[in-house]
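Letter by letter, the chains look like this.
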Amino acid sequence: MELTMTGCLTVVRFLQKKQKDNVPTDHINHNKILLRLAYLHIFKYKSIKMKRVSRILIGFLALCSPSIYAQLMIADSSSLPAQEWLVMDPVEDKMQGVSAEKTYKTLLKGKSSKTVTVAVIDSGVDIDHEDLQGKIWINEDEIEGNGIDDDKNGYVDDRYGWNFIGGKKGNVEQDTYELTRLYVELKQKYDGIEEKKVKKKNRDEYAQWVKVKMDFEKTRDKAEQQYGFYKSLQSNITRYNNLLKAYLDVEKLTIEDLEKINTQDSTVLAARGMIGMIFQNVGPEADFGLLAEELEEAVEYFGNQVHYAYNTEFDPRDIVGDDYKDLYEQGYGNNDVKGHDPSHGTHVAGIIAANRDNGIGINGIVSDVKIMVIRAVPDGDERDKDVANAIIYAVDNGAQVINMSFGKSYSPGKEAVDKAVKYAEEKGVLLVHAAGNSSKNIDKGKNFPTKKYTESSSASNWLEIGASSWGDNENFVGSFSNYGKETVDVFAPGVQIYSTTPGDTYKSYDGTSMAAPATSGVAALLMSYYPELSAFQVRDIIKKSSRKFDNLEVVKPGKDNEKVNFNELSITGGIINAYEAVKMAEALSIEKGN
């Protein structure tokens, strides 16, 4: 075991050093930190490459702590579903998809449809993607590129939608978290002030400052720790790979090369330990140059958190050029609906609308649909002002469904968002929101925006969506998914969802961000074939027609060793299903004489 234990110790060396340096480790041992990181990769990141990186961490866990390794492997099923399981049927295909293919082949065969517009408020969409051609909303009243607001809606050249996080200077790419923005604002007022010296009228705000300060410092420190860990891991892999190649005089390392090493040099032995461990867990085809590139994705992810999201000195809002303090200002932004990285929004759009008739790529859930692109989500937290304006823009320009695959834990401008939600409610527009990926009960912990206006009133045009998986066993729920018996309406497929990504590519992502557009797609499908249905009726149909399960015990999100009845995770205790929804819509249509 000398070789593999050396590899294990090499990986945790960074964490040991940090503990000596008094860097917080949340009072958990090194193995559990590794577990959390690997677990994060498998279930919470969008990138498949990041998931591969997790296998290496899992390999180290196998040696450092067999019991923790076993826990992780229970949660991480090595078998993957059919690529397009999202649109498959639970009975015919043995996949817990939304039954879109079955619905088109049976209930909707020969039926006529009307085009439905779905607004995707997101990071941007690659409107030139091969599988989204003919599926992008076009503002016919706007002449492209003439620099004139032809339709007098306050937005110049908004041919395909609008970008609320851009301006004449360009586009916002990274932004801070809302937590960081609140921390900066409240610190100016209360830092260093004792509670007893705070005026009575400011006590609530001071209490918020105490909570914000604690949350900010804890999560910032964790991000710094993880950033350092991955930088160290990547550096060691690159260094040891180059060292051994030079030592053995080879262009590419093999397992056989390691067996030739006979030395007492501690550095070479450490290199052999780490590289050998990776070979054991990735296989003989391991490419260490490629692996270093893949680890760079983790370095970049946590680096962005450190350099931007938690950076109290960073504020990119001057790019937009608006009066940020004016929550109700409109007309700012630009018409660049792609942005710098439209990966997330393109994936969302494909789930809903990827062309079903072109014989390439994938099949979206709904055929007769147009995607209105609204960019309001940067790398960081979206801002309430932009979310409110995005909703209003979508409503004013004819969207019937608005998909919102984003969220955050704080919402200082909630009043503006609530006003926009009420406007959509008055206009009969359905809002579909992702419940979030923090494995928490959002009955207790907030995930904004929320359907609740106050503790006693909620929006009637809102669906809050959790993420389900493809099987029917205890791992039926996405381990990352938020849940809530009083808050989450229904679950939808959100694990290993294959869809469109920029540059005519396709990838699988995980998240409630994928479950929300699955629901938006089913909603648009109902509106397309049953245009007489209101948004409120569609909402009710989706909830009532969801597939229920008797006494299904599932692993509780975020709790590897705890199980819960699936019915306790949402209001309906169900998963959306297009086939059952269409049957219910048809019955309602017949009842009304349509």
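All values reported here derive from a predicted model rather than from experimental measurement. (Residues numbered from 1 in each chain as written. Predicted model: local features only at pLDDT ≥ 70, side-chain atom pairs only at ≥ 80, totals over all residues. Heavy atoms only, no water.)

Colleague: Quick one: what's the story with the packing of aromatic side chains, residue by residue and with numbers?
Modeller: Taken as a whole and assessed by the stated rule, the structure comprises 22 aromatic pairs. Relative to Trp470, the ring of Trp85 has its centre 6.3 Å away and its plane inclined at 70°; by these criteria the two rings are edge-to-face. With Trp85 in the loop between α4 (66-75) and α5 (100-105) and Trp470 in the loop between β8 (462-468) and β9 (490-493), the pair connects residues that are 385 residues apart, well separated along the chain. The exposure classification of Trp85 matches that of Trp470, with both residues buried. Here Tyr183 and Trp209 contribute two aromatic rings whose centre-to-centre distance is 5.6 Å and whose plane-to-plane angle is 35°, an arrangement assigned as tilted. With a gap of 26 residues between them, Tyr183 in helix α6 (residues 178-190) and Trp209 in helix α7 (residues 203-248) connect regions that are remote in the sequence. Since its relative accessible area comes to 7%, Tyr183 is described here as buried. Directly above the ring of Tyr453 sits Lys422, whose terminal nitrogen or CZ lies 4.8 Å from the centroid. (Phe/Tyr/Trp six-rings, centres within 6.5 Å; stacked < 30°, edge-to-face > 60°. Helix = DSSP H or I, 4+ residues; strand = E, 2+ residues; numbered from the N terminus. Buried < 20%, exposed > 50% of the residue type's maximum accessible area, 1.4 Å probe, protein only. Lys NZ or Arg CZ within 6 Å of the ring centre and 35° of its normal.)

Colleague: Could you give an account of the pairing of strand β6 (residues 401-404), naming the residues involved and the relevant values?
Modeller: Residues of β6 alternate between two faces, with Val401 and Asn403 on one and Ile402 and Met404 on the opposite face, all of them buried. As defined by bridge partners, β6 adjoins strand β7 (residues 430-434) across four bridges and the pair is classed as parallel. By the bridge assignment, Ile402 is partnered in β7 with Leu431. Between the parallel pair β6 and β7, the chain is carried across by helix α13 (residues 414-426), and the sense of this crossover is right-handed. (Pairing = 2+ DSSP bridges. Right-handed = clockwise from strand over helix to strand, strands pointing away.)

Colleague: Describe a negative patch on the surface, and please don't skip the residues or the numbers.
Modeller: Negative charge collects at one region of the surface, where Glu173, Glu296, Glu300, Asp341 and Asp379 lie side by side. Of the residues examined, Glu173 reaches a relative accessible area of 37% and is grouped as partly exposed. (Patch = residues over 30% accessible without salt bridge, like charges linked within 9 Å, V, L, I, M, F, W, Y side chains within 5 Å. Areas by Shrake-Rupley, 256 points an atom, 1.4 Å probe, with all protein chains shown as cover. Salt bridge = Lys/Arg side-chain N within 4 Å of Asp/Glu carboxyl O. Lys, Arg positive; Asp, Glu negative; His and termini not counted. Charge placed at Lys NZ, Arg CZ, Asp CG, Glu CD.)

Colleague: Describe the nonpolar core, with residues and values.
Modeller: The biggest cluster of nonpolar side chains holds 62 residues, and the ones touching the most others in it are Ile352, Ile365 and Ile371. Counting residues in each nonpolar core, the second largest holds 36 residues, with Val377, Ala388, Leu431 and Trp462 among its members. (Core = buried A, V, L, I, M, F, W, Y, C linked by side-chain atoms within 4.5 Å.)

Colleague: An account of the environment of Ser458 is requested, with residue identities and associated values reported.
Modeller: Here Ser458 lies in the loop between β7 and β8. Residues Ser458 and Lys422, spaced 36 residues apart in sequence, show a C-alpha to C-alpha distance of 9.6 Å. Other than its neighbours up to four places away in sequence, Ser458 contacts Glu425, Lys451, Lys452 and Tyr453. (Contact = heavy atoms within 4.5 Å.)

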